[in-house]
Amino acid sequence: MNNTLPASAKVGFVSLGCPKALVDSERIMTQLRLDGYELVATYEDADVVVVNTCGFIDSAKAESLGTIGEALSENGKVIVTGCLGVHEDAIRAVHPAVLSVTGPQQYEAVVGAVHAHAPIDVAHDPFTDLVPPQGIKLTPRHYAYLKISEGCNHKCSFCIIPSMRGRLDSRPIEDVMAEAERLVAGGVRELLVISQDTSAYGSDRKYRTGFWQGKPLKADMLGLCAALGELGAWVRLHYVYPYPHVDGVIELMRDGLVLPYLDIPFQHGSPRVLKAMRRPAHAENVLERIVAWRTALPDLVLRSTFIVGFPGETDEDFEQLLDFIEAADLDRVGCFQYSAVAGAAANELAGHVPEAEKQARWDAFMQLQQAISAARLTRYRGQTLEVLVDQVDADGAVARSYADAPEIDGLVYIKGPGAAALAVGEFCNVTVRDTDEYDLHAVLA
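Residue positions are given per chain, counting from 1 as you read along its sequence in written order. Owing to the predicted nature of the model, reporting of local features is limited to residues with pLDDT of at least 70; listing and counting of side-chain atom pairs is limited to 80 or more, with chain, interface and lining totals taken over all residues. Side-chain figures throughout are based on the complete set of non-hydrogen atoms in the structure, without hydrogens or water.

Another point: the overall build of the chain. Check the secondary structure of the chain and you find 12 helices and 20 strands. Every residue pair with non-hydrogen atoms within 4.5 Å of one another is taken to be in contact. Of all intrachain contacts in the chain linking residues separated by at least 6 positions in sequence, the fraction that spans at least 24 positions is 73%. Accessible areas in this description were obtained via Shrake-Rupley with a 1.4 Å probe; residue shielding takes into account the shown protein chains only. Per element, the accessible surface of the chain, about 18,900 Å² overall, is 53% carbon and sulfur. Positive: Lys, Arg. Negative: Asp, Glu. His and the chain ends are not part of the count. Taken as the charge centre is NZ of Lys, CZ of Arg, CG of Asp or CD of Glu, depending on the residue. Here the chain carries 39 positive and 60 negative side-chain charges, and the mean point of each set is 5 Å from the other. Labels follow the DSSP assignment, with helices taken as runs of H or I lasting at least four residues and strands as runs of E lasting at least two, numbered in each case from the N terminus.

If you want it as structure tokens, here you go:
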């Protein structure tokens, strides 16, 4: 009888949810690759399948449960992790055959479960040299998400993130910078900084000073952004709360260290609704800050997200929201209809809005914002912009400007002479010829 373990096994991986979950997947996959596992793209080729779930809203939970069921049907050996994993009983009630269930950020437990159910000989290390220094990435080679912290200290009534991912836990600044350096050395041209609350970075550690390149570096948002800006890549900030120290980031943007782009989840424009949401900012103060930021930095692009149909939202509240987005004149906006989340405090609020009314308000919101976005884009006509190329084909290229985060914002379509000869991940200058509701249309400058 031969008890020798195989030198390798094949793992299938399905990653659901937000960019923060995507980074979790990348970390798990990198460790599995280092351990000698081969990553495959199909159920039938895998010895075991890992599903990294999302559990933020009911539709995401349904998608996660459906994906687990599909993996079980197609493969039979499934390990579950991620945000939905905090509800192990609910998962096993639907899919009792799953091999293991863990919550978010439990990287070692997931890797351990893979080793248990698809064991290999780890005495040798034949694959280490095949893993790039920046690790396994699920994004294209030229951009990457850089997660600077886990968890959140806010207690927003519609959100259960703290119960799933815990309180704020900032990564040591030297670790963040080391990862950023590896990514840039590996060909990344754009770093997308993500967390649950980027503005709060380092506050849980009392902004403990770290060391990078032999020099002390304060572990706060401004110190981190300034250091990242020295690496020569675009630095784009997501999930920024408008605390007073964000004013300092505007200065870094003026100095060219950080892209003049802020992703701030305002969520609403009615003070009454914001209070019910337990949001840490007020609409009136935000409008004043926006005016000040744009006075200091006219090219600043602001992206945000909003919720319509929150419990207790009246017609007057919704009108205040519409007034707010008109006054704020935001460049990029996403809007969601409120959806109850199991365990969220908002479920207990009175005055739940009927589904038909939610839809009507969403339609009105998006119609107004589309007009605002289209008007904002017209200022680029005739301008020359630096863009980062994402795709190239025989007809031309698709790129993004500083105003465009991947997958959520607009695109720059480049046509004409030389466009088809561009390379993915290349920076180039273009002249904007036309604009529409969301995108720019340009030629090489």
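Moving on: helix α8 (residues 246-254). Exposed residues in this analysis have more than 50% of their type's maximum accessible area, buried residues have under 20%, and partly exposed residues fall in between, with area computed by a 1.4 Å probe over protein chains only. Within the sequence span of α8, burial applies to Val 246, Val 249, Ile 250, Leu 252 and Met 253. Looking down the long axis of α8, one finds its buried residues gathered within 160 degrees of arc, a one-sided arrangement. Working note: the arc is built from the helix axis to C-beta atom directions.

Attention shifts here to the pattern of salt bridges. Here the idea is simple: oppositely charged side chains can pair when their charged atoms come close. Throughout this description, the term salt bridge denotes a Lys or Arg side-chain nitrogen within 4 Å of a carboxyl oxygen of Asp or Glu. Going through the model one piece at a time under the given rule, you end up with 25 salt bridges. A salt bridge links Arg 303 to Asp 409; the shortest N-O distance between them is 2.7 Å. Here the residue Arg 303 occupies a position in strand β14 (residues 301-308), and Asp 409 occupies one in the loop between β17 (396-400) and β18 (412-415), the gap between them amounting to 106 residues. Put simply, Arg 381 and Asp 434 hold a salt bridge, and the shortest N to O gap is 3.8 Å. With a gap of 53 residues between them, Arg 381 in the loop between α12 (355-377) and β16 (384-393) and Asp 434 in strand β19 (residues 427-435) connect regions that are remote in the sequence. Of the residues examined, Arg 381 reaches a relative accessible area of 43% and is grouped as partly exposed. The partly exposed category is assigned to Asp 434, whose relative accessible area is 38%. Salt bridges linked by common partners bring Arg 294, Asp 329, Asp 331, Arg 376 and Arg 379 together as one network.

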